[in-house]
Every structure is written in C-alpha cells, then in structure tokens.
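The primary structure of each chain is shown beneath.
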Amino acid sequence: NWMDDADKSDFGFNFTYGVDLYVHRPWITSLDIDWGTLGNTGLFRLRTTTGVVFWGLETYVGYEYLDIGRTQTNSLLGGVRVWF
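Quick summary incoming for the structure in this document. Every value quoted in this text rests on a predicted model; they were computed, and no experiment measured them.

## Points about a nonpolar patch on the surface
For step 1, the next point in the chain: A cluster of nonpolar side chains, Val19, Leu21, Val23, Trp27 and Leu31, forms an exposed patch at the surface whose accessible area comes to about 460 Å².
For step 2, the next point in the chain: Taken together, the elements giving at least two residues each to the nonpolar patch come down to β3 (14-24) and β4 (27-38).
For step 3, the next point in the chain: Top contributing element to the nonpolar patch by residue count: β3, with three residues.
For step 4, the next point in the chain: Here Val19 shows up in strand β3.
For step 5, the next point in the chain: Looking at Val19, the relative accessible area reads 37%, which means it is partly exposed.

## Focus on unusual backbone geometry
Apart from glycine, the bulk of residues carry a negative phi angle, and the bulk of peptide bonds sit in the trans form.
For step 1, the next point in the chain: Along the chain, Arg25 connects to Pro26 via a cis peptide bond; the corresponding omega equals 10°.
For step 2, the next point in the chain: Structurally, Pro26 is set in the loop between β3 and β4.
For step 3, the next point in the chain: In this structure, Trp55 takes a positive phi of about 55° despite not being glycine.
For step 4, the next point in the chain: Of the residues examined, Trp55 reaches a relative accessible area of 86% and is grouped as exposed.

## Some words on the sheet that holds strand β7 (residues 71-82)
For step 1, the next point in the chain: Across the sheet, which stays open at both edges, the five strands sit in the order β3-β4-β5-β6-β7 with antiparallel pairing between neighbours. Edge positions in the sheet fall to β3 and β7, since each of these pairs with one other strand and no more. Within this sheet the neighbouring strands show an average axis-to-axis angle of 15°, counted without direction.
For step 2, the next point in the chain: When strand β5 (residues 41-54) meets strand β6 (residues 57-68), the two strands line up antiparallel, connected through 12 bridges. Residue pairing in the sheet places Val53 in a bridge with Glu58 of β6.

## Some remarks on the packing of aromatic side chains
For step 1, the next point in the chain: Following the criterion strictly, the structure yields six aromatic pairs and no others.
For step 2, the next point in the chain: Centroid distance Phe15 to Tyr17: 6.3 Å. Interplanar angle 20°. Geometry classified as stacked.
For step 3, the next point in the chain: Plain terms: the ring middles of Trp35 and Phe44 are 5.5 Å apart, the flat faces sit at 80° to each other, and that makes the pair edge-to-face.
For step 4, the next point in the chain: Look at Trp35 and you get exposed, because its relative accessible area is 54%.
For step 5, the next point in the chain: An aromatic cluster is defined as three or more aromatic residues linked by ring pairs; in this entry it consists of Phe13, Phe15 and Tyr17.
For step 6, the next point in the chain: A cation over an aromatic ring shows up here: Arg81 above the ring of Tyr60, its NZ or CZ 4.6 Å from the ring centre.

What counts, and where the lines are drawn
Residues numbered from 1 in each chain as written. Predicted model: local features only at pLDDT ≥ 70, side-chain atom pairs only at ≥ 80, totals over all residues. Heavy atoms only, no water. Patch = residues over 30% accessible without salt bridge, like charges linked within 9 Å, V, L, I, M, F, W, Y side chains within 5 Å. Areas by Shrake-Rupley, 256 points an atom, 1.4 Å probe, with all protein chains shown as cover. Salt bridge = Lys/Arg side-chain N within 4 Å of Asp/Glu carboxyl O. Helix = DSSP H or I, 4+ residues; strand = E, 2+ residues; numbered from the N terminus. Buried < 20%, exposed > 50% of the residue type's maximum accessible area, 1.4 Å probe, protein only. Pairing = 2+ DSSP bridges. Axes fitted to C-alpha atoms, helices over the stretch in contact; angles between N-to-C directions. Phe/Tyr/Trp six-rings, centres within 6.5 Å; stacked < 30°, edge-to-face > 60°. Lys NZ or Arg CZ within 6 Å of the ring centre and 35° of its normal.

Structure representation (structure tokens):
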C-alpha cells in the first residue's frame, strides 16, 4: 500500500485475495479483499462487483468498503473492465 498527498506520504504491506465467479454466461461476479497496513495503521478493503461480459468487455456495478484506522467508507461503484 502507498499513500501520497499534500500533508503526508506513507507506505505499508498488503495481501490481496480475489476470486472471479462465472455464474452463467455472460454474467460474472468478482470479490477482492485487501488486508494490510499503511504506516502504523491497519487497512482492510472489501470490493464486490457483478457484471456482464461481451467480446472481452465487462460492464459492472458493485460495492466497496474501506477501513483505514478510524476511517471507514462505503461506496457504490460502476465501470468497464477489459478481459484479455
């Protein structure tokens, strides 16, 4: 992990675990978990998405939870991913 902003820069160590489940063509569900540190602070991130893949291009929606020290955020997300 690495963070760089105007006030402070910091880095840490991280494990990433992930799985992609092809439920039924063309649907895919993905889950990623990050667990580590950022400086002296713990970091945890959970991200899950569900999408549709056509011709190697996935359109997805999902949810992300981020916990860094005493700060927790929840986010809805959407995007496009290229599979090759």
